[in-house]
Each structure stands twice: as C-alpha cells, then as structure tokens.
Amino acid sequence: MDKITGSEALLRTLIAEGVECIFGYPGGQAIPIYDMLYDYKDKLRHVLVRHEQGATHAAQGYARVSGKVGVALVTSGPGATNTITGIADAMLDSTPMVVVTGQVPSPLLGTDAFQEVDVIGITLPITKWAYQVRHAEDVAWAVSRAFYIASTGRPGPVVIDIAKDAQVGTVDYSYKPVDFIRSYQPWPEINRERIEEAAELINNAGKPFALVGQGVVLSGAEEELKQFLEKADMPAGSTMLGLSAMPSDYRLNKGMLGMHGNIGPNRKTNECDVLVAIGMRFDDRVTGDLKTYAKQAKIIHLDIDNSEVDKNVKVDVKVLGDAKVSLREITKLLKPAEHSDWIASFAQDEEEEYEKVIKKELYPDDAVLRMGEVVRKVSEATGNRAVLVTDVGQNQMMSVRYFKYSQTRSVITSGGLGTMGFGLPAAVGAKIGAPGRTVCLFTGDGGLQMTLQELGTVMQEKLDIKIILLNNNYLGMVRQWQELFFHERYSYTNMENPDFTSIAKAFRIGVREIWKREELDDAIKEMFDCKGSFLLVAHVEKNGKVYPMVPAGGCITEMLY
C-alpha cells in the first residue's frame, strides 16, 4: 500500500476505472485535486471547458458516442450548481456520467461557509446515487462504487462530493473494483414464462410492429435487434434517441416515432395487432394522448427498469432484463414469419409524407433556403457516416429527421430534458470520444448563444467539429407554437443576433456565411476541406415549420402537415 492524499487516490482510481479524459473547471475547493492533476498530465487528459454546464454536456457527448462513463470535475458552490442541468439531462436520457465536485472542509459543513452548498440534497432527485466523502480513506471506495452504479443496469449520472480535508488527508491506498452492491440489482433475472408469452404473441401476430428505443444502443443489442426483426419479419420505428440503432436504409426501419416523427410509424402504432416496445419508456412526445394510443394492440414491453413498465402505458407482457439478452431469448422461440403485405402498407404513408412534407423541405422549388435541404446535403457529403450532434428546437427536429445513419451511436441530442445549449459542448465530448469520426453539430441561433463560450474549448483543444448554424433569427420552435396555437402572438421569440462570422474568427475557427441555395454545395465542400473546426452559417427560412406535427396531447395519428 502507498501512503497518498485523497486527491491522488481519486486520480488513481479514475485511471483504474479506465478513465482517459476529464472535462472540468478548477476552483478553490477543488485546487488540491487540480494540483495533483499537474503530476498526472501524461495519464489523464483534462479538457478545460468555459462553464461547468459545458463540462457535463461534454461528458454526456463523450459517453454517448463511446459507451464509456463521462467524467466532469468542478469546484464547490456555483461550480457544483452549474452542473445541475447536465446532471438532470443525463438522468432523463440514461447517460452514464460521474460528476466530482469539490466541497468545503467537513468541519465547515452546515455553517454557510464561502461557496458551500448542499450538493447532495440538490442532486439526489436527479442522480442514481449521490454521496459525500469526508475522509480520505473513503475516496477510492466511493469512486469505484460510483462507476459501477453509473455504468450498470439502466445507466445514469452519479455525483461524488469530496470535502477539501478528504482531498488533502492521507490514506494507505489500495484499489478494489466494486462489482456487487447488495441493495442494487442492475440486471433483473430473465423470466422464462414472460419470454414464452412474448414469443407466442409475436408468432400469432398478423401486423406486428416494434418500437426501438435507446435501450437497444445502451445494451449493445443492435445485432440481436436485427435478428429479431428479420425472423419475425417485423417493421420497426425508432424514438429520437434510438434512431441509429438501425441503419437508415435498413428495409425494416420505417422511421421516427412521435410528435415530429414519420407518418407511417405513428399511424401503424394504432393499426398493428402486436406492439413490441424495446428499451423505450413511452414518453409523452412518442405516445400523444394515452387514451387513444395503441388501444387495438397487445403490447409487449422489454426494459431493464421495472419502474418504466406500466408507468405510462399498461402492457400485456412485461419482459424485464437487458435488451441484448431478452431479444436473443425471444428470437430463439420465434417461428420464421412473413408479413409482406403489412410491411408494404407503409409505402402509402411514405408517399403521402413525401408529397406533403419532404419534397417541399428537401427539394424546394422557390428561392428560400430550407433547414431540411441543408441537413440532407451535409449528411450526403459525409457518406451518411458522421456523428450527428444537435441542439434543441427546430434545428434538432429537422436534423434528426433528415440526417441519415449507417452505424450505431451516431445521434447525440438532448431528448428527455430538451436542453438548449446542449449541442456545442456535447460536440466537444463526442469528438474526443470518437476522434476518428466526423462530428457534425446542427444548432440554432438561440441554442448556440446559450453555450457559445465553449468555442474557446474547441479552440484550445484544436478540435475538428463541423458546426452548421441554421439561422432564422427566431427561437424557431417556440415561434412555431405561437403561430399554430397562440394566434400568431410572437412574444419575445424574434432574435437580434451578433455577427457570428466575426465571433468564429475571434476563436480562430473557419467560417462561411450563406443566404442562397446556389452557395450551399460550395460552402459544404469548403467546410469539409477545412482542417479543423468550421462554422457554416446558413440563413434559412424565417417562418419555417417542422412537419408533420402531432399537437401536444393529441392523438398520434392526427398530424398537421
């Protein structure tokens, strides 16, 4: 055993847990940790963000693209409270993340000391586990336990709050990985009876339909999903976070579900006779009005989290367990099926959506530049192999709808929380987590300005991120709702924006600004020819709307075009 400080015990344990990169911002109550980082530069990469919220979103982007646990390191007080949005975002989107916060010395706890805040009390509702370390001898145990909890079962964020005296105190260090916690059962035992019930329903189905969620990606069950769908000859739709679980051009992939999803998957949800939900939680943006949702179907729900089953939608068969295992076991019991007429019935919906929505957005015949056509051409320029990172709003919905995916872990976006400002720092993490892949960030003028300072991180780390700003000088999604549902009362959604070109130049980032369709192809080529990050500012239709659209709380088959 070595006699070392709590700070060094933290760093050694992070390395033992496989951590290669930390996203952080130093401060008074984390200085001992940062002082020790000085000696660990060759073993741990530290990325200096420009705001603690950026650290958490970068850690999320890193985790989502790599499958590893993202790590953020911040100081106490405002440093810790600035991470709350990212922690909540990670909790709702099941992203494995460990956030380490500095804290005032333990004798000062409860005295309203300078920059003291009750981190544990604040974060308990939005974490899988939150723990305060007051003694150096508890650091290694707490950190190892944090990684086990964050990464197993349904992933999520964990917070470790380390008092300053625990950082500077000494301990006889030894590392012991945590692989069991008596009160925590991350993987439910597979129930054979439920597997058999699910297989029987599917074998007798005439119009089966699968709903694919992010749980497939989190469990690494992409191949098991394909084998399941092929044997059952079952079409599938995806939630937004589950989109890249299947290649976009896969024959059984019928598109995105939900409020701005594709017509076919939404309609067929209310036409199928067996609905199989895999690693998704029946979010209200997917289901619409629960009173009219899939009432005709027998519903099978595969999920690792028992709390999600029967929470929103009552199901006929619940299959608890890891999706990789559950899909494999059900597939063994399936009889090879053929549902060609059912699958072919999607074609009519696809043709209707193309004529009413897609053709106008991707191939417009007027002079106004559209968001969708920009997304399509950028995706095509990457061979549909890039990682898509989005901010939140119309830019998000347009990009997830029209970007194409050929490999898994290719969609990094804020789903459950819908966090504006997520995009830029998440793209930082995504590029570091997948340095060999092209990373394309689509953002709006509103979301970009929420975390614009992270261009400093891009500059300092010399990252290669292609940033496409779909600029309509509006908070576009709110403006769309105001037009459709609030009698065109455009209250505080018009934006007077800065000169983004000058800003990009100030951060030594390549930039080009376009207004016309004729400029688009050349601008995209310039962006991808540029070695390093590039900002493409595309001035798009100001009053554009994302269609189809299911009004909030409406029936998913009643879509606006």
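Check the entry above for the structure.
The shown structure was predicted, so the numbers you read here are calculated from the model rather than taken from an experiment.

Trainee: Would you take a moment to explain the sheet that holds strand β13 (residues 298-303) for this structure?
Mentor: Strands pair in a sheet through their backbones, by hydrogen bonds, and they do so in one of two ways: parallel or antiparallel. Judged by pairing direction, the sheet is parallel, and its six strands sit side by side in the order β11-β10-β9-β12-β13-β14 without closing on themselves. Of all the strands in the sheet, the pair left with one neighbour each is β11 (253-256) and β14 (317-320). Across the sheet, the axes of successive neighbouring strands diverge by a mean angle of 20 degrees, strand direction being ignored. Judged from the five bridges that link them, strand β12 (residues 274-278) and β13 form a sheet pairing that is parallel. Each bridged residue has a counterpart across the sheet, and for A277 the counterpart in β13 is H301. Docked against the sheet, helix α11 (residues 222-232) engages β9 (208-212), β10 (236-238) and β12, running at close to 175 degrees with respect to β12.

Trainee: Sorry if this is basic, but what is going on with the pattern of salt bridges here?
Mentor: It is possible for side chains of opposite charge to pair when their charged atoms get near one another. As enumerated under the stated definition, the model contains 36 salt bridges in all. Put simply, K324 and E224 hold a salt bridge, and the shortest N to O gap is 3.2 Å. A residue pair is termed long-range when its members are at least 10 positions apart, and K324 in helix α14 (residues 323-333) and E224 in helix α11 qualify at 100 residues. With a shortest N-O distance of 2.9 Å, E308 and K311 are connected by a salt bridge. According to the relative accessible area criterion, E308 is buried, its value standing at 6%. Look at the salt bridges and you will find they share partners, linking R267, K268, E271, D349, E352 and K356 into a network.

Trainee: Sorry, what's going on with unusual backbone geometry here?
Mentor: Working note: non-glycine residues mostly have negative phi, and peptide bonds are mostly trans. Going from Y547 to P548, the amide bond is cis rather than trans, its omega being -5 degrees. Mapped onto the fold, P548 is located in the segment after β20 (534-539). For K462, which is not glycine, the phi torsion reads 55 degrees and is therefore positive. Its location among the elements puts K462 in the loop between α21 (455-461) and β18 (466-471).

Trainee: What is the right way to read the sheet that holds strand β5 (residues 97-103) from this model?
Mentor: Within the open sheet, the six strands sit side by side as β3-β2-β4-β5-β7-β6. Their pairing is parallel. Bordering the open sheet on either side are β3 (45-48) and β6 (129-133), each of which pairs with just one other strand. In this sheet, neighbouring strand axes are inclined to one another by 20 degrees on average, regardless of whether the strands run parallel or antiparallel. Bridge analysis of strand β2 (residues 21-24) against strand β4 (residues 70-74) gives two bridges, and the strand direction is parallel. By the bridge assignment, G24 is partnered in β4 with L73. Across the sheet, helix α3 (residues 52-66) touches β2, β4 and β5, and the angle it forms with β4 is around 165 degrees.

So, how was this worked out
Residues numbered from 1 in each chain as written. Predicted model: local features only at pLDDT ≥ 70, side-chain atom pairs only at ≥ 80, totals over all residues. Heavy atoms only, no water. Pairing = 2+ DSSP bridges. Helix = DSSP H or I, 4+ residues; strand = E, 2+ residues; numbered from the N terminus. Axes fitted to C-alpha atoms, helices over the stretch in contact; angles between N-to-C directions. Contact = heavy atoms within 4.5 Å. Salt bridge = Lys/Arg side-chain N within 4 Å of Asp/Glu carboxyl O. Buried < 20%, exposed > 50% of the residue type's maximum accessible area, 1.4 Å probe, protein only.

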